[in-house]
Amino acid sequence: LNREIAALEESKKKILLAGGYGADYFEDVYRCRACGDTGYIKEGTKSVPCRCRREMLAAELKKTAGVSPYDTFDRFRIQFYPDKADPKKYGIQAPPRVLMEAVYGRCVRFAENFQDPDINDMVFVGRSGLGKSFLGSCIINHLTDRGVLCLLISASDLFKPFAPSFYEDEDAAEKADLILTCDLLVIDDLGSEKQTDARYSELINILNARRLRKSSHTCKTIITTNLTPANIFSYYGERVASRILGEYDLLKFAGEDIRLEKKTAIRD
């Protein structure tokens, strides 16, 4: 019977090939061979989310967070930053354009050398409307196009997956795991979330978990905030502030509100 089945299989292949089809035409075709499009793989005795499922969840969260596919490095416009120095107005000695050229270059190097362990985490500091979220999105789009698992999440949404019963989120466990383990996490607008002791504790736990993961995986973090370094200390205390300001590269943003500059440019 086995010999007859094998002969029939061989005959089927010949018929398919003669008809211009592949010999495997009737075999199941999966987008993900690892999980067979089920979304889960076996690790020992447990079923865990496959990378394809994690990437789909990250893409959904990226869309929810408002990451536009048009946020790319080639759309960065340095001319929107003033080329005249005004220390009193901008809080820096150099013209904002000079500062932002350096910031832009640092972001490009971060994206292009992401796997380099010597490339540090970053914190973007500056008023709203200066391009912090935009450059964070540029980095995410650059890396996701190259297969890096990235997540951008607002500070106000960061803690929700860790309280699933309160927010009634059936995907909360996977989202929480993604926050802790994704290759790149961008926490947007830190300081905008409701301030509580529980949030303080959750934030330090998230930062600690990602720091520990660095020993065996590429696991980097970018934080954007409107807070000054002094505000970070007053909001979160010395433990969180020293972790962020002591271990992350601080990139200061300065200039005029880009959104207003763009509107003016369009009218002109």
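Each value, and the rule that gives it
- Residues numbered from 1 in each chain as written.
- Predicted model: local features only at pLDDT ≥ 70, side-chain atom pairs only at ≥ 80, totals over all residues.
- Heavy atoms only, no water.
- Helix = DSSP H or I, 4+ residues; strand = E, 2+ residues; numbered from the N terminus.
- Rg over C-alpha atoms; globule rule 2.2 N^0.38 Å.
- Buried < 20%, exposed > 50% of the residue type's maximum accessible area, 1.4 Å probe, protein only.
- Contact = heavy atoms within 4.5 Å.
- Areas by Shrake-Rupley, 256 points an atom, 1.4 Å probe, with all protein chains shown as cover.
- Lys, Arg positive; Asp, Glu negative; His and termini not counted.
- Charge placed at Lys NZ, Arg CZ, Asp CG, Glu CD.
- Polar contact = N/O pair within 3.5 Å; in protein donor to acceptor, adjacent residues only side chain to side chain.
- Pairing = 2+ DSSP bridges.
- Axes fitted to C-alpha atoms, helices over the stretch in contact; angles between N-to-C directions.
- Parallel < 35°, antiparallel > 145°, perpendicular 65-115°, else oblique.
- Core = buried A, V, L, I, M, F, W, Y, C linked by side-chain atoms within 4.5 Å.
- Phe/Tyr/Trp six-rings, centres within 6.5 Å; stacked < 30°, edge-to-face > 60°.
- Lys NZ or Arg CZ within 6 Å of the ring centre and 35° of its normal.

Asks: Help me get a handle on the overall build of the chain, residues and values and all.
Replies: Counting secondary structure elements, the chain contains eleven helices and seven strands. A compact globule built from 268 residues would reach a C-alpha radius of gyration of about 18 Å, whereas the chain, at 24 Å, exceeds it by more than 25%. Its C-alpha atoms put the chain at 90 × 45 × 35 Å along the principal axes. Burial analysis of the chain (268 residues in total) assigns 40% to the buried set. Across the chain, every contact between residues at least 6 apart in sequence was considered, and the portion connecting residues at least 24 apart equals 72%. By element, 51% of the accessible surface of the chain is carried by carbon and sulfur atoms, the whole surface being about 15,800 Å². Charge-centre separation for the chain: the mean point of 40 positive side chains lies 3 Å from the mean point of 40 negative side chains.

Asks: Report on the side chain of Asp188, specifying residues and quantitative values.
Replies: Relative to the assigned elements, Asp188 resides in strand 5 (residues 184–190). Polar contacts involving the side chain of Asp188 include one to the side chain of Ser133, which spans 2.8 Å. Setting aside anything within four residues of it in sequence, one finds Asp188 in contact with Ser133, Leu152, Ile153, Ser154, Ala155 and Thr224.

Asks: Summarise the sheet that holds strand 7 (residues 249–252); cite the residues concerned and give the values.
Replies: If you walk across this open sheet you meet the five strands as 4-5-6-3-7, and the pairing is parallel. The sheet is open, and its two borders are formed by strand 4 (150–154) and strand 7, each paired with just one other strand. Each strand of the sheet is rotated relative to its neighbour by a mean of 15 degrees, with strand direction disregarded. Pairing of strand 4 with strand 5 involves five bridges; the strand directions are parallel. Bridging from a neighbouring strand, Cys150 pairs with Leu184 of strand 5. Where helix 4 (residues 96–112) meets the sheet, it contacts strand 3 (122–125), strand 5, strand 6 (220–225) and strand 7, and its direction lies at approximately 140 degrees from that of strand 7.

Asks: Residue-level account of the packing of helix 8 (residues 172–181) against helix 9 (residues 197–213), with values.
Replies: Where helix 8 meets helix 9, the axes come as close as 8 Å, and the angle between the chain directions of the two elements is 60 degrees. Put simply, helix 8 runs oblique to helix 9. Each of Ile179, Leu180 and Thr181 in helix 8 lies in contact with helix 9, whose residues at this interface are Ile206, Ala209, Arg210 and Arg213.

Asks: Could you give an account of the environment of Cys50, naming the residues involved and the relevant values?
Replies: Assignment of secondary structure puts Cys50 in the loop between strand 2 (46–49) and helix 2 (51–64). Judged by its relative accessible area of 3%, Cys50 is buried. Spatially, the C-alpha atoms of Cys50 and Ser133 are 29 Å apart, while their sequence positions differ by 83 residues. Apart from residues lying up to four places away in sequence, Cys50 is in contact with Cys32, Ala34, Cys35, Gly39, Tyr40 and Ile41.

Asks: Now, about the pairing of strand 2: what can you tell me, with residues and values included?
Replies: As judged from the four bridges shared by strand 1 (residues 40–43) and strand 2, these two strands associate in the antiparallel manner. Residue Ile41 lies in a different strand from strand 2, and its bridge partner there is Val48. The antiparallel hairpin formed by strand 1 and strand 2 contains two residues in its connecting segment, where Gly44 sits at a positive phi of about 70 degrees.

Asks: Can you explain the nonpolar core? Please cite residues and give values.
Replies: Phe124, Leu135, Ile139 and Leu184 are the most contacted members of the largest nonpolar core, which has 31 residues in total. Not counting residues within four places of it along the chain, the set of residues in contact with Leu135 comprises Phe73, Phe76, Val103, Tyr104, Cys107, Phe124 and Phe253. Leu149, Cys182, Ile206 and Val240 belong to the second-largest nonpolar core, a separate cluster that totals 29 residues.

Asks: Which residues make up the packing of aromatic side chains, and what values go with them?
Replies: Taken as a whole and judged by the stated rule, the model has eight aromatic pairs. Between the aromatic rings of Tyr21 and Tyr25, the centroid separation amounts to 4.7 Å while the plane-to-plane angle is 55 degrees, which identifies the pairing as tilted. In this structure Tyr25 comes out as partly exposed when scored by relative accessible area, which is 47%. Feature note: the residues Phe73, Phe76, Tyr81 and Tyr104 constitute an aromatic cluster, connected by ring pairs. The ring centre of Phe110 lies 5.9 Å from the NZ or CZ of Lys220, which sits over that ring. Above the plane of the ring of Phe114 lies Lys220, whose end atom (NZ or CZ) is 5.3 Å from the centre.

Geometric values such as these leave the question of function open.
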